[in-house]
Amino acid sequence: MNKGKLIVFSAPSGSGKTTIVKHLLGKEDLNLEFSISAASRDPRGEEVHGKDYYFISLEQFKKHIKAEEFLEWEEVYRDNFYGTLKAEIERIWAMGKNVIFDIDVAGGLRIKHKFPEQTLAVFVKPPSVDELKRRLKQRSTESEDKINMRIAKASVELATAPQFDTIIKNYDLDTAKEEAYQLVKEFVNK
Ligand code: 5GP
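About the cut-offs
Residues numbered from 1 in each chain as written. Predicted model: local features only at pLDDT ≥ 70, side-chain atom pairs only at ≥ 80, totals over all residues. Heavy atoms only, no water. UniProt positions renumbered as here; feature names shortened; annotations may be inferred. 1 Å grid on protein atoms, 1.4 Å probe; cavity = no way out; pocket = protein on both sides within 12 Å on 5 of 7 lines; lining within 4 Å. Points joined across faces, edges and corners; volume = space filled by probe spheres on them. Helix = DSSP H or I, 4+ residues; strand = E, 2+ residues; numbered from the N terminus. Nonpolar A, V, L, I, M, F, W, Y, C, P; charged D, E, K, R; others polar. Axes fitted to C-alpha atoms, helices over the stretch in contact; angles between N-to-C directions. Parallel < 35°, antiparallel > 145°, perpendicular 65-115°, else oblique. Left-handed = near helix turned anticlockwise from the far one by under 90°. Contact = heavy atoms within 4.5 Å.

In the nomenclature of an unreviewed UniProt entry, the protein chain corresponds to Guanylate kinase from the organism Flavobacterium nitrogenifigens. The protein chain has a UniProt comment under Catalytic activity (unreviewed entry) that states "GMP + ATP = GDP + ADP". Here is the UniProt Sequence similarities (unreviewed entry) comment for the protein chain, exactly as written: "Belongs to the guanylate kinase family."

Turning our eyes to something else, we now look at the layout of surface pockets. Put simply, the largest pocket is a space of about 1100 Å³. If you trace the largest pocket, you find 41 residues lining it, with Thr18, Arg44, Tyr53, Asp102 and Arg139 closest to the centre. Elements with a minimum of two residues in the lining of the largest pocket: helix H1 (17–25), strand S5 (70–77), strand S6 (80–85), helix H5 (129–139) and helix H6 (144–158). Considering each element in turn, the lining of the largest pocket owes the most residues, six residues, to H1. Split into classes, the residues belonging to the lining of the largest pocket amount to 13 nonpolar, twelve polar and 16 charged.

Okay, the packing of H1 against helix H7 (residues 173–188) next. One can describe the packing of H1 onto H7 by two numbers: an axis separation of 10 Å at closest approach and a directional angle of 55°. On the basis of their axis angle, the class for H1 and H7 is oblique. For the pair H1 and H7, the sense of crossing is right-handed. On H7, the residues that touch Thr19, Ile20, His23 and Leu24 of H1 are Leu173, Ala176, Lys177, Ala180, Tyr181 and Val184. In terms of residue class, the contact of H1 with H7 is made up of seven nonpolar, two polar and one charged.

Laid out in structure tokens, this is it:
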């Protein structure tokens, strides 16, 4: 099978990585396809099964773990499991496309270690933890408790930034989008 490139975007929740990933998916010249993760949480807002995530039960998720069907998985938050199914990557490679991931830092680094040459691992850095808090509250799709859980995790995640191939500072969204586009364009054409 012709194996395409793997582009990983990781960052604390609220850093803007999903917005950047969506922007890149609109650029046809990059030939990207989004890796749809499996998740054991419920859909939020407008999220759609089979587009944003494969929403599955915790029980089903654990079956996939046991059957070794994941390329990587993490219990990102307590009882909230997320993972990349091996079949998902095969599906995208079979289309002759490059894969783009929006995943947590541990999962992102795991993919980088499994496919060091094929992967560009990008860390998206928010201006500050206070700004993250503000963005998560503005999004207001979650309870105060869940927001606090995400913020607590953010500091730990920020410390992993130096392990990535590159860091994009998302202080201004348009600048970050353009920087991401140039980086990915260079990597997929290499
Ligand atoms: P959210 O609940 O906000 O959609 O995602 C929570 C976190 O899980 C985010 O940091 C998101 O990037 C991460 N995530 C989503 N899919 C995966 C995955 O397949 N593997 C891992 N390790 N993390 C994921």
